[in-house]
Amino acid sequence: MNPFNEKPISLIDAFENWKQLYPKSYNKYEVNPYTKTRIILMNGTEFESNWFSHQFSRHFADTELRRELALTRALEKQQQLKVSLLKPCNESQLEHTISYEQLAVDLTAELAKREKDCYVKKALDFALLEDFDHLYRYSNLLQMTQGISAEKLVGRYTEIMPARPTIAHHRFPKDNVRRCINSKEADKQTILATMIITAAEQQTMNYYMNVTTLATDDMSRKLYQEIALVEEEHVTQYGNLMDANATWFETLLWHEYNECYLYWSCMMTETDKYIKQLWEENLAIEIAHLHKAVELLQKYENKTWQEVIGDGEFPEPLSLHENINYVRDIIKNTVQFTSNREEYENVNYLPNDADFFKYQAIMNPTPEITPSHKVIDAYIKNYGRDYRFEIALNPIEELRNRSCDNTQVGRVKGATESTDFKCNR
């Protein structure tokens, strides 16, 4: 599909009244897990576009441009609210959190499996293990506090077990910075991947930042606090991959194109008829936004959309699905890695005075005070062993002990062995 060839609807006609804006929520007992993850993804995608538009408007004094941005921005916010309200009232914060982490795991894995740029793929594989471990930590908290098995929520499509322990995710901020891609040279799928994953991780960060204080006990509040700060690291990493040299108008065009691509992908892969119709309606709205971005690009920079995006044809639709074997392979080969400035290095070979070790000493002077460890430790003390859903033993021998939470893998030299990242050929 090429959205540039579609006839756009009127932007004014896209606004809805209060009755139209309030959707029917899904049934949490019957919904497909990937319907929930698509909802979270599009919630984050809409927020990213809306927030980018705010920043754009604040950097240009042209009043007419600001009016145009305000018009599409208001529609983006209506779309975001409608999508977010698909979540039902009876789904708890922690239950919803499990869907956030399942999205992070399976979206990242799917993007990585498609990625042609080796550096971008490394970034995806690196953070994939951290979101996977977050799923394990939250799942133990959910089982311990609400008696709900997360494996049911993820439909047994995603395993629940430790990867690189969350305690190892805390890095010196300068080590989270990445080199940006060049959108003039990069593959279209790579450009979209950097935008998609940034929006998704940003949504997760915002969600955790907002709900941390709403958790009803100290253990939960502390876990959200810790993982929210890891998500900040992820947003820094992924956001830095995006092309920092593209103009505001070029980036606006890419944002709208990305939204069109994602709504089209959701529409093509959705199993719920009601929600599929919502994806189709939002695709029509985004096509109108895209055509407005084309007008602004032509007016202010005298460029055609072809100069920025090329042929305009969408890649294959983005599909959310099971990635168990892929995740296991990444755990097996890269769990002992961290980042060192713009690269990734095996902890075993880092110099002793590396900033990673210094920062770890500040944040985790002893594992006993680290919230992510305390959750698993408490669960083991209550039930004898941790909560997991795994189809086979963990690929890392040091992470197989269910009666003791490992706090050394990924942060202590010699804790385990890892080979290296793999590129797609």
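Here's what I pulled together on the structure shown here.

Rules and cut-offs
- Residue positions within a chain follow its written sequence, with the count starting from 1.
- Confidence filtering applies because this is a predicted model: local features only for residues at pLDDT of at least 70, side-chain atom pairs given and counted only at 80 or more, and all residues used for totals across whole chains, interfaces and linings.
- Only hydrogens and water are set aside; all other atoms, that is, all heavy atoms of the structure, feed into the side-chain values.
- Put simply, DSSP marks the helices as runs of H or I at least four residues long and the strands as runs of E at least two long, and each gets a number from the N terminus on.
- Salt-bridge detection follows one rule: a side-chain nitrogen of Lys or Arg within 4 Å of a carboxyl oxygen of Asp or Glu.
- Relative accessibility decides the category of a residue: with a 1.4 Å probe and only protein chains considered, values under 20% of the type maximum give buried, values over 50% give exposed, and everything between is partly exposed.
- Note on ring pairs: Phe, Tyr and Trp rings are taken, using the six-membered ring of Trp, and paired if centres are within 6.5 Å. Classes follow the plane angle, with under 30 degrees stacked, over 60 edge-to-face and the rest tilted.
- In this analysis the charged atom, NZ for Lys or CZ for Arg, is taken to sit over a ring once it is within 6 Å of the ring centre and within 35 degrees of the ring normal.
- Polar contact is the term for a pair of N or O atoms within 3.5 Å; when the atoms are in protein, one must be able to donate a hydrogen and the other to accept it, and sequence-neighboring residues count only if both atoms are side-chain atoms.
- In what follows, a contact means two residues having at least one pair of non-hydrogen atoms within 4.5 Å.

**Points about the environment of P173**
Looking at the element boundaries, P173 is found in the loop between helix 6 (150–153) and helix 7 (188–211). It is 30 Å that separates the C-alpha atoms of P173 and C404, two residues lying 231 residues apart in sequence.

**Remarks on the pattern of salt bridges**
Going through the model one piece at a time under the given rule, you end up with 29 salt bridges. The salt bridge partner of D377 is K381, with a shortest N-O separation of 3.3 Å. Note that D377 and K381 are positioned in helix 14 (residues 371–383) at a spacing of four residues, about one turn of the helix. Classification of D377 as partly exposed rests on a relative accessible area of 26%. Several salt bridges converge on common partners, so that one network encompasses E130, R164, R171 and E233.

**Quick look at the packing of aromatic side chains**
By the definition in use, this model includes 30 aromatic pairs. Centre to centre, the rings of Y34 and Y157 are 5.3 Å apart; their planes meet at 35°, and the pair counts as tilted. Residue Y34 is located in helix 2 (residues 33–58), and its partner Y157 is located in the loop between helix 6 and helix 7; the two are separated by 123 residues in the primary sequence. Note on Y157: relative accessible area 33%, which makes it partly exposed. Their ring planes at 70° and their centres at 5.1 Å tell us that F56 and F60 sit as a pair that is edge-to-face. Using a relative accessible area of 0% as the deciding quantity, one classes F56 as buried. What makes F60 partly exposed here is its relative accessible area of 26%. Among the aromatic residues, ring-to-ring pairing joins F4, W254, Y257, Y261, W264, W305 and F314 into one connected group. Of note, K24 hangs over the ring of Y274, and the distance from its end group to the ring centre comes to 4.8 Å.

**Comments concerning the side chain of T251**
Along the chain, T251 turns up in helix 9 (residues 248–269). Separated by 2.8 Å, the side chain of T251 and the backbone oxygen of T247 make a polar contact. In this structure T251 touches F52 and A246, once residues within four positions along its chain are discounted.

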